[in-house]
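Residue-level structure breakdown
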Amino acid sequence: MKKNSNINKGPRYINPYFGGVLLGLLLLATFYIAGRGLSASGAVKLSIVAIVDKIAPAHAEGNAYYDKFIPTDGSSPLFNWLIFGAIGTFFGGMLSGGIYGRLKKLRIEHSPNITGTTRMIAAVVGGMLFGIGSQFGRGCSSGAALSGTASLSFGGLLVMVFMFGIGYVFAYFFRKLWI
Amino acid sequence: MGPLIPQGIITGQWDFVIALLIGTAFGFLLESSGFSSSRNIAGVFYGYNFVVLRVFFTAMIVAMVGLLYFNYLGWIELDMVFVLPTYLAPMILGGFIMGLGFVIGGFCPGTSYTACAIGKLDGFAFLGGFIIGVFIFAEAFPLFENFYYSGYMGNITIGEVFSVSNELVTFIFVIMAIVAFYVTWLIEKKVRKNRTESKFE
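What you see is a predicted model, and the numbers here were worked out from it, not measured in a lab.

In terms of regular secondary structure, chain B is built from nine helices and two strands. Listing the helices and strands of chain B from first to last along the sequence gives α-α-α-β-α-α-α-α-β-α-α. Overall, the C-alpha framework of chain B stretches about 50 × 45 × 35 Å when taken along its three principal axes.

In this assembly, 113 residues from chain B lie in contact with 110 residues from chain A. A per-element tally of the side of chain B that touches chain A places helix α1 (residues 14–33) of chain B first, with 18 residues. For the side of chain B that touches chain A, the per-class residue count stands at 76 nonpolar, 28 polar and nine charged.

Our next topic: the domain arrangement of chain B. Residues and elements named next belong to chain B. Assigned domains of chain B: these are domain 1 (1–82 + 180–201) and domain 2 (84–156). For domain 1 versus domain 2, the distance between C-alpha centres works out to 19 Å. Listing elements by their share of the side of domain 1 that touches domain 2, those giving two or more residues are α1 and α2 (38–46). The dominant element in the side of domain 1 that touches domain 2, judged by the number of residues it contributes, is α2, at four residues. Class assignment of the residues belonging to the side of domain 1 that touches domain 2 gives a composition of six nonpolar, three polar and one charged.

Taking 1.5 Å per residue as the helical rise, α1(B) with its 20 residues ought to reach 28 Å, and the 29 Å between its terminal C-alpha atoms agrees with that figure. Looking at the residues trailing α1(B), positive phi occurs at G34(B), about 110°.

Averaged over all residues, the pLDDT of chain B equals 96, while 100% of them reach at least 70. Model confidence for the complex: the whole-complex pTM is 0.96, and ipTM, which rates the interface, is 0.97.

Helix length check: helix α3 (residues 51–72) of chain B, at 22 residues, gives a terminal C-alpha distance of 32 Å against a target of 32 Å (1.5 Å per residue), a fit within 8%. For α3(B), the buried fraction is high: 17 of the 22 residues fall into the buried class.

On average, residues of chain A score 94 in pLDDT, and 95% of them reach the 70 mark or higher. Predicted confidence is poor over residues 1–6 of chain A, with pLDDT under 50, and the contacts of this stretch with residues over four places away or in other chains come to zero contacts.

It is worth spelling out the domain arrangement of chain A at this point. Residues and elements named next belong to chain A. Domain annotation of chain A identifies domain 1 (39–104) and domain 2 (105–179). Each of domain 1 and domain 2 has a C-alpha centre, and these two points are 20 Å apart. If you look at the interface, domain 1 gives five residues, while domain 2 gives seven residues. A per-class count over the side of domain 1 that touches domain 2 returns one nonpolar, three polar and one charged.

Below, the discussion takes up unusual backbone geometry. At L152(A), a position not held by glycine, the phi torsion is positive, near 65°. Taking the number of C-beta atoms within 10 Å as the measure of exposure, L152(A) has 25 and is therefore buried. For S163(B), which is not a glycine, the phi torsion comes out positive at approximately 55°.

Cut-off values and rules
Residues numbered from 1 in each chain as written. Chains lettered and ligands numbered in written order. Predicted model: local features only at pLDDT ≥ 70, side-chain atom pairs only at ≥ 80, totals over all residues. Helix = DSSP H or I, 4+ residues; strand = E, 2+ residues; numbered from the N terminus. Contact = placed C-beta atoms within 7 Å. Nonpolar A, V, L, I, M, F, W, Y, C, P; charged D, E, K, R; others polar. Domains from an automatic or database assignment. Expected span 1.5 Å × (residues − 1). pLDDT = per-residue confidence, 0-100. Buried ≥ 20, exposed ≤ 12 C-beta atoms within 10 Å, placed from the backbone.

Quick look at the structure:
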C-alpha cells in the first residue's frame, strides 16, 4: 500500500462513475423519503431571511421575498429541512476530507498563472452571481439542475442547460483564471 | 409506500435527523469525488477534467431510471414527488447568471460547502459572495417582482412540454449521457497530453 501511494502521487478521489451511482442512489433515496431532492442554496436563503427578520422584522415583513419564507406559525425559518441538510453537507465534506487526507490548514487553491488575491476576488464574484442566479432559477446546481432534472422538471432542465451552456460560452474569456 | 414524509409515514422531528444524514452523505460524495477543488470543477469547461460531467450525469440518470422503476413497482407515488415549477424567462436568466458564476468562481453552493469544510479559503470567499448575492437579490426584489413570477408554466415535466412520455425522455437522457461519457473521454485524453497536471487537491 505504502509503495503504491508513493508511486501514485495524484489526489485520491473515488471513481467518478462510482461516485455518480452513489450520488444517484442517494438522490433516489431522498425522493423516496422526502418526496423532494437535494438542495444547497436554500439553506443560505433561509439563514438570510432569519437574520433580517431578527434584526429588522418590519423590513422583512415589508419585503415580499423575505416574507415568503417567514413561517406563519411564528417558528424560526431556520427550523427547516434545508438547514439541517446543509449542516450535514459541511460535515460530510469534512469527514471525506479527513479520511482521504485533504483536511488541512487554511489555504487558497489557485492556478499558478494567477495570484491568490485574483482567485479570491473571482470566487467572491462567482459566488455573488450564483447567489442572484439561484434565486431566479428556483435553486442551484443541486436543487434545480440535478434534482429538478432528475424529477423531470422542465424548469430544472432549463437551468441545467443554461448553466453549463453559458459556462462554455464564457469559458474562453475567463481561461486565464484556470489554464 | 413512498414518499415517506409527505405520506406521514415518518413524522415528528425525525425528518431533521434524516436531513442531517442525507446532507452528510451528500457532502461526503461531493468531496470524495473531487468537488472540493475548483480546479477540478472548472476542468469541465476546458476539457482537462470532466469529473463534474461524469458524476452529475451518472447521478441524474440513476435517479431518473430509479424513480421510473419505483413507480412501476408501486413503491412510490410519483404524483407526490415534487416537480420543480417552471418560470420560463426567470429560470433561463437564472441559469445564465449561474453559468457565468460557475466559470468565474469555479464552485457551486454545495461544492463550496465541502471546500470550506476542508480549509479552502477560496471556498469561504465563494460562500461569502453567495450570501451577499442572495441578500442583494432579496433587497432588490421589489424592482423585479413581476419578472420573477413571469412565464409560469406550473409543475410541468419535460415529457409534457414536448408531448412525449417521460419514459422516452428518460431513455433519451441515458443515451445522451453515454455518448457524452465517451466523447468527453476522447477530448480529455487529447487535452491532457499537453498538460502536466489535470487532477487537483
